[in-house]
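Okay, here's what each chain looks like letter by letter:
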Amino acid sequence: MPRTFRYASLTLLVIAMLAAAVISPITTAKAQDFEPMKQEAESCDYAAGAYGLKSIEAIDELTVKFTLCQSDPAFPTKAAFSAFPINSSDYLEQTGGGGDLVDQPIGTGPYVLDTWTRGDSLTLQAYDGYWGEAPKEPTLVFRWNSEGAARLNELQAGTVDGIDNPSPDDFAAIRENSDLTLYDRPPLNIFYIGYNNTVEPFTDVRVREALAMGIDRQRLVDNFYPAGSIVATQFMPPSIFGYTPEVSWYNFDPEAARALLADAGYPDGFEIELSYRDVVRPYLPEPGRVAEDLQAQLSENLGVTVNINVMESGAFIDAANAGELPFYLLGWNADYPDATNFLDYHFGSGATPQFGDKFPEITEPLAAAGQLSDPQARLELYVQANQAIKDLVPMIPVAHGASATAFRSAITGAHASPLGNEYFAVVENPDADQLVWMQNAEPIGLYCADETDGESLRACEQISEALLSYEVGGTAVQPGLAVSYEGNDDATEWTFHLREGVTFHDGSTLDANDVVLSYVVQWDASNPLHVGRVGDFAYFNALFGSFLNAPAAE
C-alpha cells in the first residue's frame, strides 16, 4: 500500500515536519525496494471550486495516478507542457529545490547541459543514454541577440544556423535568398497592454475603457507587424478554441475616450510609466518602436504623458508576475491549444496578480467552462467570460502577431513551431558537428517549473521532458515519458503509464516517485522543495487553480 501524507490546518512546524516526511523515503526508494509515494489533500476546500489536485500517487514503479477536485478534460494537454518537467527526486532533494536545479538541470531529454556562459551562450551535448531517437547533432549551442538585424546578419554570415523572429521588414529578403529558408509561424499569440487595477488611475474602469478606445491598434499592426498579423478583437486568437466572435473589442474612438477620462476626473490626462523588456517575441516584433508609438498616441489622443521604462528581461517578468508594474507591454504565445492556456492563466482564480484584483464575473465562468467536455456548453461560458473581460477591461488586447524562424537552406529538419517550442534534436547541419541557434534573449532559468518566459522554456525542452509531449512543429499531444494514459468518465482521474528504462542525465532511472515529487514540489507551497528560482510556480497555480497549503494573503 502506498504511504499517504495528509495535510490539515496545522502549525507551521508540524506542516514542515509532514512535508519533510513526504520526501525522506525517496532517497532510499532508488537504492532499495521501490516504496510508492502518495500525496493527498485532506479535502478540496483549499481549491475553492477550482480544478485543484486531490491526490497524486505512485501505483507502482511505472504507474502514476492523479485525482482532481473537479473535472479537467484538458489535463493531458497540460501534462505535455514543459512547465511540468519530471525531475529526479534525488536531484530535487540534493539541490533543495533551487540553486543548481535552476542553473545545472538534470533531465531525461535528448541534450545535456554542458556549459552556460552567462551573457554569451548555452552549450548542450547529446545525451548518449537517451531513450528516444538520438539527436542529429552532437552539440547544440544557444546564442541570443535582441536585434533582428543582428540575428539576420549572423545567419547570412553563417556564424549561426537558425534564428528566431527575423524582423518583419526582412521577411521578403529572406524569401528571396536561396541560401536561406523562412518558416512561417501562425499567430497563436496575443500582445496586450497591461495595467494593475489596484493602482491609480487604473482603479477606475472608465480610465481603463478610455485607454482601450484611445489607442489605434490597427496603426500598430500596420506599422510594426509582418503580413499575416491581425488586430485582436479579444484576448483569444481566432484559431484557438474559446474564441467567441460574438464579442468584439472597442473601436478606436479618441473623442469618446477623452469624454470618459473627463468623467473620471482626468480632463487633462495624467502621467504614467510604461514598462517593457527589449526582447523580440512573436507577439511583439518591435517592442521599442511600439512603446514609442504608444507614447505618441496617448499624448496626442488623450493628453496622457507616458514615461518609458526599459527593464532587464528577467526582472521585468518577475515584476509583472508579482503585480508590481502599473502599466506595461506583455504578451503570450500558446503553450497548448485550448482556452484554459490563455484565459485561465491570465484571468482565472489562480492567475498571477499582474492585473491586480480578479473579478468573479470572469473567474466563475472560466472555472465552469474548464470543467466541461461538451464544446458547445464550454463556448457559451466563454462568451460570458470574454464579454466580462471587455466590460471590465483588465488589459487591452492589441494584436495576434505572425512570426517566423529562418535557417540556412542546407539545414534539414528545420521548422517553426506554432507553440514556439522548436525541437532541435531532429535538426541536422550537414556542414558541421554542431547546430547554432540564435534567439531573442538569454534564458532566465532552466528549471522551467518556475519560469514563464518563452526563451527559457525552449531551452528547457531540449534538456527536460514532461509526461506527454507535443508533435514536432505541431500541437497534437503524443507520448512522452508516459507511453499511454487514460481518464475516467468525468475527467477527475488520470492514470499515466511510464516508459520503461528511461534514465536521467546522472544515470538514475525514472520511476513513478520522480513524477509524484516533481508535481508535489509545485503543488504544495509548504514543501521545503517549493523553491525554484523565485518561487512563483505561476503556471501550476494558474492552470490547476490553487497551491496546497498556500500562505495566507497579506
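As for the packing of helix α14 (residues 360-370) against helix α15 (residues 375-392)
Next up, step 1: Contact geometry for α14 and α15: axes closest at 8 Å, N-to-C directions at 160°. Comparing their axes, α15 and α14 come out roughly antiparallel. Handedness of the crossing formed by α14 with α15: left-handed. Where α14 abuts α15, its residues Glu-361, Ile-362, Pro-365, Leu-366, Ala-368, Ala-369 and Gly-370 lie against Arg-378, Leu-381, Tyr-382, Gln-384, Ala-385, Ala-388, Ile-389 and Leu-392.
Next up, step 2: Here the contact of α14 with α15 is composed, by residue class, of eleven nonpolar, two polar and two charged.

Let's talk about a negative patch on the surface
Next up, step 1: On the surface, Asp-33, Asp-60, Glu-61 and Glu-500 cluster together to form a negatively charged patch.
Next up, step 2: Take Asp-60: it is sitting in strand β3 (residues 53-60).
Next up, step 3: Taking relative accessible area as the criterion, Asp-60 reaches 37% and is therefore assigned partly exposed.

Regarding the pattern of salt bridges
Next up, step 1: This model, assessed by the stated rule, comprises 23 salt bridges.
Next up, step 2: The partner of Arg-277 in a salt bridge is Asp-453, with the nearest N and O atoms 2.7 Å apart. Here Arg-277, found in strand β12 (residues 271-277), pairs with Asp-453, found in the loop between β17 (434-439) and α16 (454-463); they are 176 residues apart in sequence, far enough to count as distant.
Next up, step 3: Among the residues examined, Arg-277 registers a relative accessible area of 6% and is labelled buried.
Next up, step 4: For Asp-453, a relative accessible area of 1% corresponds to the buried category.
Next up, step 5: Put simply, Asp-164, Arg-185, Arg-281, Glu-422, Glu-455 and Arg-458 are held in one network by salt bridges that share partners.

Comments concerning the packing of aromatic side chains
Next up, step 1: The tally for this structure, following the rule as stated, stands at 37 aromatic pairs.
Next up, step 2: Centre to centre, the rings of Tyr-130 and Trp-131 are 5.1 Å apart; their planes meet at 45°, and the pair counts as tilted.
Next up, step 3: For Lys-78, the ring lying beneath its charged end belongs to Phe-544, and the centroid distance is 5.2 Å.
Next up, step 4: Stacked on the ring of Trp-116, the Lys or Arg Arg-118 has its end atom at 3.5 Å from the ring centre.

A closer look at unusual backbone geometry
Next up, step 1: A cis amide bond, omega 0°, links Glu-200 with the succeeding residue Pro-201.
Next up, step 2: Following the sequence through the fold, Pro-201 ends up in the loop between β10 (189-195) and α8 (205-214).
Next up, step 3: Located in the positive-phi region is Val-393, a residue other than glycine, with phi close to 50°.
Next up, step 4: Relative to the assigned elements, Val-393 resides in the loop between α15 and β15 (395-400).
Next up, step 5: With a relative accessible area of 0%, Val-393 lands in the buried category.

Things to note about the confidence of the model for the protein
Next up, step 1: Looking at the protein, the pLDDT average stands at 92 and 94% of residues meet or exceed 70.
Next up, step 2: Ignoring residues within four places in sequence, the model shows residues 1-29, a span with pLDDT below 50, making 57 contacts including any to other chains.

A closer look at the state of the cysteines
Next up, step 1: Taken as a whole and assessed by the stated rule, the structure comprises two disulfides.
Next up, step 2: One disulfide bridge connects Cys-44 with Cys-69, the sulfur atoms lying 2.0 Å from each other. Around the S-S axis, the bridge from Cys-44 to Cys-69 shows a dihedral of about -85° and counts as left-handed. Taken together, the residues Cys-44 in the loop between β2 (37-41) and β3 and Cys-69 in the loop between β4 (63-68) and α3 (75-79) connect sequence positions 25 residues apart.
Next up, step 3: For Cys-44, a relative accessible area of 26% puts it in the partly exposed group.
Next up, step 4: Disulfide partner of Cys-448: Cys-460, at an S-S distance of 2.0 Å. Where Cys-448 bonds to Cys-460 through sulfur, the torsion about that S-S bond is close to 75°, and the disulfide is right-handed. Of the two residues, Cys-448 sits in the loop between β17 and α16 while Cys-460 sits in helix α16, which places them twelve residues apart along the sequence.
Next up, step 5: For Cys-448, a relative accessible area of 2% translates into the label buried.
Next up, step 6: Counting only the cysteines that form disulfides, in the order they appear in the protein, gives the pairing 1-2, 3-4.

About the thresholds
Residues numbered from 1 in each chain as written. Predicted model: local features only at pLDDT ≥ 70, side-chain atom pairs only at ≥ 80, totals over all residues. Heavy atoms only, no water. Axes fitted to C-alpha atoms, helices over the stretch in contact; angles between N-to-C directions. Helix = DSSP H or I, 4+ residues; strand = E, 2+ residues; numbered from the N terminus. Parallel < 35°, antiparallel > 145°, perpendicular 65-115°, else oblique. Left-handed = near helix turned anticlockwise from the far one by under 90°. Contact = heavy atoms within 4.5 Å. Nonpolar A, V, L, I, M, F, W, Y, C, P; charged D, E, K, R; others polar. Patch = residues over 30% accessible without salt bridge, like charges linked within 9 Å, V, L, I, M, F, W, Y side chains within 5 Å. Areas by Shrake-Rupley, 256 points an atom, 1.4 Å probe, with all protein chains shown as cover. Salt bridge = Lys/Arg side-chain N within 4 Å of Asp/Glu carboxyl O. Lys, Arg positive; Asp, Glu negative; His and termini not counted. Charge placed at Lys NZ, Arg CZ, Asp CG, Glu CD. Buried < 20%, exposed > 50% of the residue type's maximum accessible area, 1.4 Å probe, protein only. Phe/Tyr/Trp six-rings, centres within 6.5 Å; stacked < 30°, edge-to-face > 60°. Lys NZ or Arg CZ within 6 Å of the ring centre and 35° of its normal. pLDDT = per-residue confidence, 0-100. Disulfide = S-S within 2.5 Å.

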